[in-house]
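Each chain, letter by letter, is given below.
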Amino acid sequence: SQTIHQWPATLVQPVGSPLSLECTVEGTSNPNLYWYRQAAGRGLQLLFYSVGIGQISSEVPQNLSASRPQDRQFILSSKKLLLSDSGFYLCASTAGGLSYNSPLHFGNGTRLTVT
Amino acid sequence: AQTVTQSQPEMSVQEAETVTLSCTYDTSESDYYLFWYKQPPSRQMILVIRQEAYKQQNATENRFSVNFQKAAKSFSLKISDSQLGDAAMYFCAYRSDWMDSSYKLIFGSGTRLLVRP
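Keep in mind that what you see is a predicted model, and the values were worked out from it rather than measured.

**Things to note about the state of the cysteines**
Residues and elements named next belong to chain A. Using the criterion set out here, one finds two disulfides over all chains in the structure. Disulfide pairing is shown between C23 and C91; the S-S distance is 1.9 Å. Disulfide C23-C91: the torsion about the S-S bond is -70 degrees, which places it as left-handed. Of this pair, C23 sits in strand β3 (residues 19–26) while C91 sits in strand β9 (residues 87–94), and the two are 68 residues apart along the sequence.

**Considerations on the packing of aromatic side chains**
Using the criterion set out here, one finds 15 aromatic pairs over all chains in the structure. Ring plane angle 90 degrees and centroid distance 5.4 Å describe the contact between Y36(A) and F107(B), whose orientation is recorded as edge-to-face. Separated into two different chains, Y36(A) in strand β4 (residues 32–38) and F107(B) in strand β11 (residues 106–107) make up a pair that spans both. According to the relative accessible area criterion, Y36(A) is buried, its value standing at 0%. Assessed through its relative accessible area of 8%, F107(B) is described here as buried. Here the aromatic rings of Y37(B) and F107(B) are separated by 5.9 Å at their centres, their planes lie at 55 degrees, and the arrangement is tilted. Taken together, the residues span a long stretch of sequence, with Y37(B) in strand β5 (residues 32–39) and F107(B) in strand β11 at a distance of 70 residues. The cationic tip of R43(B) hangs over the ring face of F88(A); the distance from NZ or CZ to the ring centre is 4.0 Å.

Rules used throughout
- Residues numbered from 1 in each chain as written.
- Chains lettered and ligands numbered in written order.
- Predicted model: local features only at pLDDT ≥ 70, side-chain atom pairs only at ≥ 80, totals over all residues.
- Heavy atoms only, no water.
- Disulfide = S-S within 2.5 Å.
- Helix = DSSP H or I, 4+ residues; strand = E, 2+ residues; numbered from the N terminus.
- Phe/Tyr/Trp six-rings, centres within 6.5 Å; stacked < 30°, edge-to-face > 60°.
- Buried < 20%, exposed > 50% of the residue type's maximum accessible area, 1.4 Å probe, protein only.
- Lys NZ or Arg CZ within 6 Å of the ring centre and 35° of its normal.

Rendered as structure tokens:
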């Protein structure tokens, strides 16, 4: 089964500072990878997904970016954080290939507070 | 674009009783997949149950079952014999069929379930 490592668990950053959240996956190869954001008391909003190394699709225009430098590594970045970037960030993975009916596996999330 | 709506921000149930959480979705596709996820206070996302749209039989997993009404685009979750550990946020989610290789999930806004002892 898949294991998703996501860090850090908690992060407090000032407005205008950079951001780097990292996610790595074990137990599968060529996974699809996702970054979701959950605002306080809200649902999950898909930010980015990737179906392969170097392939990034953006769902919501914003000052965040994502990269996939290795098969099982997914990074969420920002050059300058905004207050509105605060939230709970979840990395998720599903096996690539014929896994259309398989669920997403989630990491434990990062709680980001921008002050 | 597909959308998922959960119209109940919060529900409450007495321990050992049954509760039903509602979910509706909008899509023009005929083949797709539906999921219910649970998010306890730890915020870990846990899969509860899944349903393939081409299957007429409703999915069940122990105390959890769904009422899938394809024509009405409705996918409700029934929790029987509610337990204190069922208290959590519950999210309904939609995935397009295998033609969309992104396999991304579109989530509803969630329903917070409270369980009274």
